[in-house]
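# Tertiary structure, described
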Amino acid sequence: MTKPKHPKRGFNDVDPVDDTKEPQDLDLKSLMLSLSAKMDTLGTTLSNVDSRLNTKMEQLESSMSTMIKGVQLEMENRLTSFTADVNQRFSAVESSTILKCDEAMQKASNELSSRFDDMRALLEWRIDKLERLSMDKELIISGVPVEQNDNPFGVLGDICSVLKCNLSDRDFVSAYRLRPKNSNSNTRSIRSAPIVVKACGVWVKDELMSAYLKKRNLNLKDIGFQTASRIYINESLTKANREIFNLAAEAKKDGHILKYFSRNGLIHVQRVANAKPVMIHHISELIQILPLGFDRASSSGSRRIRNHTPAPLPMNHHNQLKDTPDMNDNTAALPTMPTTSDSMDTNHGDAGDSTLSMTK
């Protein structure tokens, strides 16, 4: 038995009302249709909400990105400005600190240098004073040629006789020639080697020196030679005082001072007539009274003495020296003697030159 064929139904086909169905079935179907319609409406609403949310999120992300970039740029600018300000302030503080440190170090260096120069000058003066004490009984006789059978004591005796000094060999400890250290020294310097005389006491040296200064023109003929060349007698000077003596000689030759002389191993200088002779303790004191740029000759040629000025004696010790008598000052016991530099116009520096050794 074949089943009866039913016509095909569409999606939207509505079943015809079957009046034969129950009322409950009709209500349930209407309810389902209403619920389906509402679900479609809800889906559409949710789709619209989702679209709007996506749009808002995109706008928010864009706004946040822009805001973050702006904040980041501002922070970078502020950080750069802050770093520059800090660096500038640090540089200023660092420069100020370094400058203050440099100034403090320079001041300390200058103070140390000044103290060192004072101590060195004082030490040099004390050494010079000890040397003067060891040489306070010595005289240098220059200008007497060396003979074949040279006898310095004989020359000394002849000079004492000419000067009419009541002195004998017993009044002297030694008399010897200064010999050159350099074996290549010329014959002339060897033949005119000075004689170093050491007396038994300062009074012996002073008596011989006083008699020599009174005569003024002692020469070789007076002691039996054929020529009339001058004989010079000077105090034995330390290296520092020889330098002062030689500079004074150059200054007198150029007319910058009137006279100069040595007494008790110290150099005295008189600039003009009727002025009191000034005792020179340090060569810088003599340089101060000479014209600016005064030159003098040296073994290495002409040199500007002001560029080679040693440190002067510290003021506190210098003043003490002027107020305190010299340990070797026997001026009160000295006989009256001329103070002109005529009798001192000798190359005394040769007698104590560094090229000569005090060997008998």
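What counts as what
Residues numbered from 1 in each chain as written. Predicted model: local features only at pLDDT ≥ 70, side-chain atom pairs only at ≥ 80, totals over all residues. Heavy atoms only, no water. Core = buried A, V, L, I, M, F, W, Y, C linked by side-chain atoms within 4.5 Å. Buried < 20%, exposed > 50% of the residue type's maximum accessible area, 1.4 Å probe, protein only. Helix = DSSP H or I, 4+ residues; strand = E, 2+ residues; numbered from the N terminus. Contact = heavy atoms within 4.5 Å. Expected span 1.5 Å × (residues − 1). Salt bridge = Lys/Arg side-chain N within 4 Å of Asp/Glu carboxyl O. Pairing = 2+ DSSP bridges. Axes fitted to C-alpha atoms, helices over the stretch in contact; angles between N-to-C directions.

### Points about the nonpolar core
- Counting 27 residues, the largest nonpolar core has Ile141, Ile159, Leu163, Phe172, Leu208 and Ile233 as the members making the most contacts within it.
- Among the secondary structure elements, those contributing two or more residues to this core are β1 (138–142), α2 (152–162), β2 (172–177), β4 (195–199), α4 (202–215) and β5 (232–235).
- Dropping the residues within four chain positions of it, isoleucine 159 is found in contact with Ile141, Leu218, Ile223, Ile231 and Ile233.
- Among the nonpolar cores identified, the runner-up in size contains 17 residues, and Leu237, Ala248, Ile287 and Phe294 belong to it.

### Quick look at unusual backbone geometry
- Notably, lysine 164 is not glycine yet its phi reads approximately 60°, a positive angle.
- Mapped onto the elements of the fold, lysine 164 is located in the loop between α2 and β2.
- Judged by relative accessible area, lysine 164 falls into the exposed class, the value being 77%.
- Despite not being glycine, arginine 216 has its phi angle at roughly 75°, a positive value.
- Take arginine 216: it is sitting in the loop between α4 and β5.
- You can call arginine 216 partly exposed: its relative accessible area is 35%.

### Examining helix α5 (residues 239–253)
- Between the first and last C-alpha of α5 there are 21 Å, a value that for 15 residues agrees with the 21 Å anticipated at 1.5 Å per step.
- By the burial criterion, the buried members of α5 are Asn241, Arg242, Ile244, Phe245, Leu247, Ala248, Ala249 and Ala251.
- Where α5 ends, the next residue or the one after it, glycine 255, has phi of about 80°, a positive value.

### A word on the pattern of salt bridges
- This structure, assessed with the given rule, holds 8 salt bridges.
- Among the salt bridges present, the one from aspartate 128 reaches arginine 132, with a minimum N-O distance of 3.2 Å. With aspartate 128 and arginine 132 both in helix α1 (residues 23–134) and 4 residues apart, this pair spans about one turn of that helix.
- Judged by its relative accessible area of 4%, arginine 132 falls in the buried class.
- Measuring nitrogen to oxygen at the nearest pair gives 3.5 Å for the salt bridge that ties lysine 137 to aspartate 136.

### Overview of the sheet that holds β4
- Strand order across the open sheet formed by 4 strands is β2-β4-β1-β5, with antiparallel pairing between neighbours. Looking along the sheet, the strands with just one partner apiece sit at the ends: β2 and β5. The average angle at which neighbouring strand axes cross in this sheet is 20°, direction not considered.
- Note that β1 and β5 share 4 bridges and pair antiparallel. Opposite isoleucine 140, over in β5, you have asparagine 234 as the bridge partner.
- Packing against the sheet, α2 makes contact with β1, β2, β4 and β5, and its axis sits at approximately 115° to β2.

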